[in-house]
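Below, each chain spelled out in residue letters.
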Amino acid sequence: MKRIENVKLLLLSSILIALIIGLFCLRGLDEKLTNFYQYDNKKINLAAVKYIQSRVDYVATLSQDKDEDFNRKYSTYFNMDEISKIEEFLKLSKESDFYDIQINAYMMFDNEKINLFQSKRFVKLPSKYKVTPYLIGKLNGYGLDEYQHQNLTKLQEQVFNKKDEFVNTVIDRAKLRKSDWLVTNIALMGVGQKESNFLKNIENDTPETLLEKSDIKEIISSLKAAHDNYLGIK
């Protein structure tokens with residue numbers, strides 16, 4: 001009888017242990033099924049996501065670049081190596097005569113995009129504009145008379161450091177009727193060829209926003225925080 005009681009006790013213990021294990025498994029499953037990622041007013045059920053991917057897109061045009069790389073858009077995996085590359089070209093911008101830079105880091109939950117960080121757009125415009133024979137010749141084709149031609153010729157030795165000042169001076173001295181075409185093309189013809197290629201993709205009303213050392217530090221810090229965010233749910 002004692003042996004039977006021992007067997008019964010062993011069976012009861014086994015059943016109790018199985019129940020406890022089952023309760024823990026159910027709890028874990030329930031937590032998994034209700035494991036949501038929340039960011040920027042979006043809520044994603046991670047249990048329903050097949051893959052999670054981190055990416056970074058950016059435009060980074062510097063005066064040191066080849067013309068064919070101007071305004072090129074880059075899109076690649078977001079990792080610490082890429083953050084180091086971004087930091088390198090941000091530092092190079094301090095030696096650049098002109099630039100156009102903007103960075104966006106995000107995560108993809110299958111087809112759902114969650115933005116983690118987007119920088120301001122930093123733009124430095126070419127800083128030297130001159131009335132060149134090429135510019136005068138083009139405006140002659142626009143219909144300059146002798147008086148207008150002479151007025152522009154007198155400006156050839158003057159260097160302008162602001163695009164708006166240069167464009168407005170040319171239009172005023174040549175007595176031209178201001179138009180979007182003139183504003184765009186006078187600026188393009190008043191700089192070097194490389195600068196002209198850069199300006200072709202910069203809207204006329206684009207403000208200059210210079211990239212300072214404090215901006216670089218903030219961008220890199222924000223990118224590292226965004227990457228840590230990704231690693232926390234990977």
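Here, the structure is the one placed above.
Residues numbered from 1 in each chain as written. Predicted model: local features only at pLDDT ≥ 70, side-chain atom pairs only at ≥ 80, totals over all residues. Heavy atoms only, no water.

## Observations regarding the overall build of the protein chain
The secondary structure content of the protein chain amounts to 8 helices and 7 strands. Intrachain contacts of the protein chain at a sequence separation of at least 6 include 67% that bridge at least 24 residues. On the protein chain, roughly 15,100 Å² of surface is accessible, and the fraction owed to carbon and sulfur atoms is 51%. (Helix = DSSP H or I, 4+ residues; strand = E, 2+ residues; numbered from the N terminus. Contact = heavy atoms within 4.5 Å. Areas by Shrake-Rupley, 256 points an atom, 1.4 Å probe, with all protein chains shown as cover.)

## Here we look at the packing of helix 5 (residues 163–173) against helix 6 (residues 180–189)
Across the interface, helix 5 lies against helix 6 with an axial gap of 10 Å and an inter-helix angle of 110 degrees. With respect to each other, helix 5 and helix 6 are oriented roughly perpendicular. Helix 5 and helix 6 meet at a crossing whose hand is right-handed. The segment helix 5 lies against helix 6, with Lys 163, Phe 166, Val 167, Val 170 and Ile 171 engaging Val 183, Ile 186 and Ala 187. For the contact of helix 5 with helix 6, the class distribution of residues is 7 nonpolar, no polar and 1 charged. (Axes fitted to C-alpha atoms, helices over the stretch in contact; angles between N-to-C directions. Parallel < 35°, antiparallel > 145°, perpendicular 65-115°, else oblique. Left-handed = near helix turned anticlockwise from the far one by under 90°. Nonpolar A, V, L, I, M, F, W, Y, C, P; charged D, E, K, R; others polar.)

## Topic: the side chain of Asp 65
Locating Asp 65 in the fold gives a position in the loop between strand 3 (52–62) and strand 4 (73–77). Buried and unpaired, Asp 65 has no salt bridge, with Lys 194 as the nearest side chain of opposite charge at 7.4 Å. (Buried < 20%, exposed > 50% of the residue type's maximum accessible area, 1.4 Å probe, protein only. Lys, Arg positive; Asp, Glu negative; His and termini not counted. Salt bridge = Lys/Arg side-chain N within 4 Å of Asp/Glu carboxyl O.)

## So, the pattern of salt bridges
Pairing between side chains of opposite charge can happen when their charged atoms approach one another. Using the criterion set out here, one finds 5 salt bridges in the structure. A salt bridge links Glu 212 to Lys 94, with the shortest nitrogen-to-oxygen separation between them at 3.8 Å. Here Glu 212 is found in the loop between helix 7 (193–199) and helix 8 (213–231), whereas its partner Lys 94 is found in the loop between helix 2 (80–92) and strand 5 (99–109), with 118 residues between them in sequence. The exposure class assigned to Glu 212 is partly exposed, which follows from its relative accessible area of 39%. Among the charged side chains, a network of salt bridges with common partners joins Asp 100, Arg 121 and Glu 203.

## Things to note about unusual backbone geometry
Phi at Asp 110 takes a positive value of approximately 55 degrees, unusual for a residue other than glycine. Structurally, the position occupied by Asp 110 is in the loop between strand 5 and strand 6 (112–118). Asp 110 sits in the buried class, given a relative accessible area of 19%. Even without being glycine, Lys 175 reaches a positive phi, approximately 55 degrees. For Lys 175, the position within the fold is in the loop between helix 5 and helix 6.

## Considering helix 4 (residues 146–153)
Here helix 4 has its buried residues at Gln 148, Asn 151 and Leu 152. Along the axis of helix 4, the buried positions cluster into a sector of 95 degrees, meaning they face one direction only. Residues of helix 4 that are buried in the fold lie against helix 3 (133–143) and helix 5. Measuring from the backbone nitrogen of Tyr 147 back to the side-chain oxygen at the start of helix 4 gives 3.1 Å, which picks out Asp 145 as the cap. (Arc of directions from axis to C-beta. Polar contact = N/O pair within 3.5 Å; in protein donor to acceptor, adjacent residues only side chain to side chain.)

## Some remarks on the packing of aromatic side chains
Per the counting criterion, the structure on display carries 7 aromatic pairs. Seen from their ring centres, Phe 70 and Phe 98 are 5.9 Å apart, and the 90 degrees between their planes marks the pair as edge-to-face. Taken as a pair, Phe 70 in the loop between strand 3 and strand 4 and Phe 98 in the loop between helix 2 and strand 5 lie far apart in primary sequence, 28 residues in all. The exposure class of Phe 98 is buried, given its relative accessible area of 2%. A network of ring pairs unites the aromatic residues Tyr 58, Tyr 74 and Phe 89 as a single cluster. When the ring centre of Tyr 77 is taken as reference, the NZ or CZ atom of Arg 55 above it lies at 5.1 Å. One cation-aromatic arrangement involves Lys 113 over Tyr 106; the distance from NZ or CZ to the ring centre is 4.3 Å. (Phe/Tyr/Trp six-rings, centres within 6.5 Å; stacked < 30°, edge-to-face > 60°. Lys NZ or Arg CZ within 6 Å of the ring centre and 35° of its normal.)

## Topic: helix 8
Given a rise of 1.5 Å per residue, 19 residues ought to cover 27 Å, and the 27 Å separating the end C-alpha atoms of helix 8 matches this to within 8%. For helix 8, the complete set of buried residues consists of Asp 215, Ile 216, Ile 219, Ile 220, Leu 223, Ala 226, His 227 and Tyr 230. In a view along the axis of helix 8, the buried residues occupy a sector of 130 degrees, so they form one face of it. Turned more than 90 degrees off the buried face of helix 8, the exposed positions are Lys 213, Ser 214, Lys 217 and Glu 218. As for helix 8, its buried residues are in contact with strand 3, helix 2, strand 5, strand 6 and strand 7 (122–124). (Expected span 1.5 Å × (residues − 1).)

Worth remembering: the numbers are spatial, not functional.
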